[in-house]
Amino acid sequence: MALRTAQQYRDGLRDGRRVHYRGERVADVVAHPELRPAVDHSALCYSIAEDLPDLAVRKGTEAGTDPETYSAFYHLPRTPEDLRDRGALIEEVSRRGAGTIVLKEVGSDALFALLRATEGAGLERAQAFYQRVLEEDLALAVAQTDVKGNRVLGPSQQSDPDLYLRIVDSDAESITVRGAKTHTSFSANADEIVVLPTRAMGPGDADWAVSFAVPVDTPGLDLYVSPYAAGERDGFSFPLSSRHKLLESLTVFDDVRVPRDRVFLERRPELAGPLAIAFVDYHRFTAVNYKLPMLDIIVGAAHLVAEANGISRAGHVRDKIAKLIAWSETVRGLAELSALRAREGAQGVWLPDPLAVNMAKYTFAHGFHEATATLVDLAGGLLATGPGIEDWENPSIRAVLEKYYAAAVPAEERLRILNFVGDLTARDYGGYQAVLATHAEGSLEAEKMQIARSYDPSTAVAYVRDLAGLGVGGR
């Protein structure tokens with residue numbers, strides 16, 4: 001098999017996986033009315049290969065791989081140009097997904113990390129798994145964040161040892177794991193789940209230092225999907241969240257047996273931290289590129305809602321929009337810089353510049369809440385008090401709404417713009433995006449830590465010492 005179609009991807013999800021949603025077991029994630037939008041959203045990473053093959057498809061000869069063609073999401077970055085191409089692909093598929101991550105981006109981040117940060121037999125198994133992903137065009141979810149319990153304590157210090165995923169048994173053919181991961185995006189609509197360590201670990205944490213991959217329908221694996229944005233919704237009132245959704249889960253491993261050829265890290269705590277950080281290197285690069293369409297959405301919405309309300313020429317409005325533009329273009333510039341400053345890592349797998357990529361992610365997250373607050377300010381109170389689809393579809397009520405909600409543009413245009421802004425900022429989807437901006441792909445504090453770690457102050461310090469007459473050396 002080479003590249004799958006979007007329909008083949010959907011068909012592959014009907015495998016008896018144990019998905020729980022709003023208190024019930026889901027028989028078919030593809031057919032479920034509230035989960036189907038998430039499946040359709042993720043299918044974009046397959047349909048883009050049909051629509052834009054020059055961007056989304058690679059030939060096997062380019063990487064020495066067996067498939068004649070394979071998904072460009074999984075192309076190993078060997079040069080800065082490879083990373084720029086990857087960024088362009090992620091940006092385009094996110095544009096189709098209304099500024100939200102789609103699916104294959106995250107799994108490929110994990111693959112690159114495994115190929116860069118594992119050793120020995122674990123590396124050989126990761127290489128074999130990577131080849132299988134190419135050949136079968138698999139969609140991978142990544143389970144990294146442990147539930148963690150008391151965060152003051154490490155894995156081996158918790159009162160309940162299952163609060164970090166751990167190895168509870170092993171033999172010549174397999175390991176058995178128990179515990180849970182949380183915030184697992186795409187788990188319910190991926191083919192397989194890749195498990196990574198969540199943090200650096202000490203010698204006493206060996207049982208918790210584990211990485212592997214299993215199919216989603218593996219016995220003992222249960223997914224408890226978050227009910228955010230629950231309920232079916234119409235496209236008039238919810239133009240974004242009616243069509244675009246992610247599924248996140250509490251991912252529980254109840255004595256799951258993992259064949260040894262799928263185990264990439266086993267009781268090697270010294271490698272847990274490097275593997276976790278290697279994933280972050282790629283995942284934050286993915287983040288800043290998939291956020292680029294969201295920047296355009298916010299700036300474009302600000303222009304449209306100001307024009308609809310008839311305030312676009314006001315000085316304070318021009319000032320607010322200028323600040324949005326400056327924020328947006330700063331993030332875009334830093335994202336591009338992270339690829340330009342790329343460097344070679346272990347096994348010849350290149351990584352984006354950690355300093356630039358973390359600065360881009362921090363700048364986006366730090367400015368997101370002010371940006372959406374600006375949109376709310378420009379839009380006005382109709383974000384909360386405007387009419388819904390039932391009123392709009394009643395001819396007699398609609399005539400009233402068309403009369404009294406007209407402004408610089410007709411009422412329908414104005415209300416659709418306001419509903420778009422409301423969905424993005426003031427409703428549950430807006431709250432979800434606000435949490436994503438703060439915590440997804442790493443918190444603000446985590447990004448600041450990586451910025452500090454990645455910056456080498458020696459050149460600046462030496463320069464100041466020289467200007468101050470202190471010499472370039474020490475005391």
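Residues numbered from 1 in each chain as written. Predicted model: local features only at pLDDT ≥ 70, side-chain atom pairs only at ≥ 80, totals over all residues. Heavy atoms only, no water.

Per an unreviewed UniProt entry, the protein chain is named 4-hydroxyphenylacetate 3-hydroxylase N-terminal domain-containing protein, and its organism is Pseudonocardia ailaonensis.

Per the secondary structure count, the protein chain includes 18 helices and 14 strands. By the compact-globule yardstick of 23 Å for 475 residues, the protein chain fits well, its C-alpha radius of gyration being 24 Å. Across its three principal axes, the protein chain shows a C-alpha extent of roughly 75 × 75 × 50 Å. Within the protein chain, the proportion of its 475 residues that are buried is 55%. Nonlocal contacts in the protein chain, meaning residues at least 24 apart in sequence, comprise 75% of its contacts between residues at least 6 apart. For the protein chain, the centre of its 52 positive side-chain charges and the centre of its 67 negative side-chain charges are spaced 4 Å apart. (Helix = DSSP H or I, 4+ residues; strand = E, 2+ residues; numbered from the N terminus. Rg over C-alpha atoms; globule rule 2.2 N^0.38 Å. Buried < 20%, exposed > 50% of the residue type's maximum accessible area, 1.4 Å probe, protein only. Contact = heavy atoms within 4.5 Å. Lys, Arg positive; Asp, Glu negative; His and termini not counted. Charge placed at Lys NZ, Arg CZ, Asp CG, Glu CD.)

Another point: the side chain of Thr374. Within the fold, Thr374 resides in helix H11 (residues 354-379). For Thr374, a relative accessible area of 12% gives the class buried. In contact with Thr374, other than residues within four places in its own chain, are Lys320 and Leu324.

Turning our eyes to something else, we now look at the sheet that holds strand E5 (residues 140-143). Pairing in this open sheet of four strands is mixed, and the strands run E5-E8-E9-E12 from one edge to the other. This sheet does not close on itself; its edge strands, each paired only once, are E5 and strand E12 (263-266). When the angles between neighbouring strand axes are averaged without regard to direction, this sheet yields 20°. The strands that helix H6 (residues 104-117) touches are E5, strand E8 (192-195), strand E9 (210-215) and E12; relative to E5, the one it contacts most, it runs at about 65°. Across the face of the sheet, helix H7 (residues 120-136) comes into contact with E5, E8, E9 and E12 while running at roughly 150° to E12. (Pairing = 2+ DSSP bridges. Axes fitted to C-alpha atoms, helices over the stretch in contact; angles between N-to-C directions.)

The next thing to look at is unusual backbone geometry. Here the phi dihedral of Phe186 falls at roughly 70°; this positive angle occurs in a residue that is not glycine. One can find Phe186 in the loop between strand E7 (174-185) and E8. Even without being a glycine, Ala229 presents a positive backbone phi close to 55°. As for its position among the elements, Ala229 is in the loop between strand E10 (221-225) and strand E11 (248-259).

A word on the sheet that holds E7. One open sheet holds the six strands; their spatial order is E2-E1-E10-E11-E7-E6, and the pairing between them is mixed. Looking along the sheet, the strands with just one partner apiece sit at the ends: strand E2 (24-26) and strand E6 (166-170). For this sheet the average axis-to-axis angle between neighbouring strands, irrespective of direction, equals 20°. Bridge count between strand E1 (residues 18-21) and E2: three bridges; the pairing is antiparallel. When the sheet's bridge partners are listed, Val19 is paired in E2 with Val26.

Further remarks concern the nonpolar core. Val177, Phe212 and Phe253 are the most contacted members of the largest nonpolar core, which has 90 residues in total. Counting residues per element, this core draws most heavily on H6, which supplies eight residues. Setting aside chain neighbours within four positions, we find Phe212 in contact with Leu165, Val177, Ile193, Val194, Val195, Phe253, Val258, Arg262, Val263 and Phe264. Counting 34 residues, the second largest nonpolar core, distinct from the first, contains Ala301, Val331, Leu382 and Leu383. (Core = buried A, V, L, I, M, F, W, Y, C linked by side-chain atoms within 4.5 Å.)

Following both chains from N to C, one finds H11 and helix H15 (residues 411-425) inclined at 145°, their axes separated by 10 Å at the closest point. Remark: the crossing between H11 and H15 carries left-handed chirality. Residues Thr372, Leu375, Val376 and Ala379 of H11 form the contact with H15, whose participating residues are Leu418, Val421, Leu424 and Thr425. Counted by class, the contact of H11 with H15 contains six nonpolar, two polar and no charged residues. (Left-handed = near helix turned anticlockwise from the far one by under 90°. Nonpolar A, V, L, I, M, F, W, Y, C, P; charged D, E, K, R; others polar.)

Our next topic: the pattern of salt bridges. Evaluated as defined, the whole model comprises 41 salt bridges. For Arg17, the salt bridge identified is with Asp15, shortest N-O distance 2.8 Å. For Arg17, a relative accessible area of 4% gives the class buried. Judged by its relative accessible area of 28%, Asp15 falls in the partly exposed class. A salt bridge links Asp82 to Arg58; its shortest N-O distance comes to 3.8 Å. Pair noted here: Asp82 is in helix H5 (residues 80-96) and Arg58 is in strand E3 (residues 57-59), with a separation of 24 residues, a long-range link. (Salt bridge = Lys/Arg side-chain N within 4 Å of Asp/Glu carboxyl O.)

To continue, consider the pairing of E10. Within E10, four of the five residues are buried, which leaves the element mostly enclosed by the surrounding structure. Pairing geometry for E1 and E10, over four bridges, is parallel. Paired with His20 across the two strands is Tyr224, which belongs to E10. Note that E10 and E11 share five bridges and pair antiparallel. Note on E11: the bridge partner recorded for Val225 is Ser249.

Right, let's talk about the environment of Gly380 for a bit. Along the chain, Gly380 falls in the loop between H11 and helix H12 (382-385). Residue Gly380 is classed as partly exposed on the basis of its relative accessible area, which comes to 30%. Sequence separation of Gly380 and Asn309 is 71 residues, and the distance between their C-alpha atoms is 8.8 Å.

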